[in-house]
Amino acid sequence: MSELKAAARLLSKAVFPNTCKICGEVIELDAELCEKCKGLKKVASPRCFNCGRAKAACDCKQKKNEYKRAVAPYYYEGSVVTAVYNFKMRKMEFLGESHAGFMSACIKENYDDIAFDYVTFVPFRYFHKIMRGFNQAEVLARFVAKNLDLEVKPVLYKKRYTGVQHKKSATKRKADLFGAFDVREDFADAVDGKTILLIDDIKTTGATLNECAKMLKLYGAEEVDVCTFAITLPNTKK
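The following paragraphs examine the structure supplied in this document. Keep in mind that what you see is a predicted model, and the values were worked out from it rather than measured.

The rules behind the values
Residues numbered from 1 in each chain as written. Predicted model: local features only at pLDDT ≥ 70, side-chain atom pairs only at ≥ 80, totals over all residues. Heavy atoms only, no water. Core = buried A, V, L, I, M, F, W, Y, C linked by side-chain atoms within 4.5 Å. Buried < 20%, exposed > 50% of the residue type's maximum accessible area, 1.4 Å probe, protein only. Helix = DSSP H or I, 4+ residues; strand = E, 2+ residues; numbered from the N terminus. Axes fitted to C-alpha atoms, helices over the stretch in contact; angles between N-to-C directions. Parallel < 35°, antiparallel > 145°, perpendicular 65-115°, else oblique. Left-handed = near helix turned anticlockwise from the far one by under 90°. Contact = heavy atoms within 4.5 Å. Nonpolar A, V, L, I, M, F, W, Y, C, P; charged D, E, K, R; others polar.

Remarks on the nonpolar core
Argument step 1. In this structure, Ile22, Val80, Ile107, Val144, Leu197, Ile199 and Phe229 are the most contacted members of the largest nonpolar core, which totals 41 residues.
Argument step 2. Of all elements in the fold, only helix H3 (79-88), helix H4 (95-110), strand S3 (118-121), helix H6 (136-148), strand S6 (195-203) and strand S7 (223-231) reach the threshold of two or more residues within this core.
Argument step 3. Per-element tally for this core: the top contributor is H6, with 7 residues.
Argument step 4. By size, the runner-up hydrophobic cluster in this structure holds 22 residues, among which are Ala70, Leu156, Val191 and Ala221.

See below:
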């Protein structure tokens, strides 16, 4: 029986190749990460919770944010760029589970003093979600919530199209995103007094996360904290 199981496992791997848990590239059968991802450096402690980077890489000058703290396990560089692209644009939705695993470990390490009421995420407009097939932030949030034994609630919605943001300056992003999000009517009573974990895939200038956190605070949220899979280094773009 053990030989049959081994043969079945090999056949399964041949039909469904083993892929790197971070970038999704095909790797050897018994490996978990590709060589590039094995060499990735995580965001180091001590951290600046205001911008989410290691203090050695911080240039935020403690500017005021609507969210209280931000963390991420990885910087948006090297094979992490490939990972995010494969997850979103090549529709490797299965990567969400492993990406959320790294995020969950980061949350447990850095937010161990916070009792979150639930998890939410940065929303898509409906047509955008239909075109892509899924919202990567929602996929991450659902796995993070499962890992942390929390509920996930789709509290926010996007009211209008804001265009592609990653090539815009921080000032332009902030202007474009002003008033772009709101709390869904059916969740309006679920925000007041709550401590909320807000999830997205990447943090760049923080404009999107700030706008979402601002709306949650306007509806009475006690505290909003952020976790993303990756965060850009200073003077880099998404």
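Some words on the packing of H4 against H6
Packed helices, taken two at a time, are described by the angle their axes make and the gap between the axes.
Argument step 1. Their axes nearest at 8 Å, the elements H4 and H6 cross at an angle of 50°. The angle between H4 and H6 places the two elements in the oblique class. The element H4 and its partner H6 pack so that their crossing is right-handed. Residues Gly96, Glu97, His99, Ala100, Gly101, Met103, Ser104, Ile107 and Lys108 of H4 touch H6, and the partners they reach there are Val139, Leu140, Phe143, Val144, Asn147 and Leu148.
Argument step 2. Taken together, the residues that form the contact of H4 with H6 break down as 8 nonpolar, 5 polar and 2 charged.

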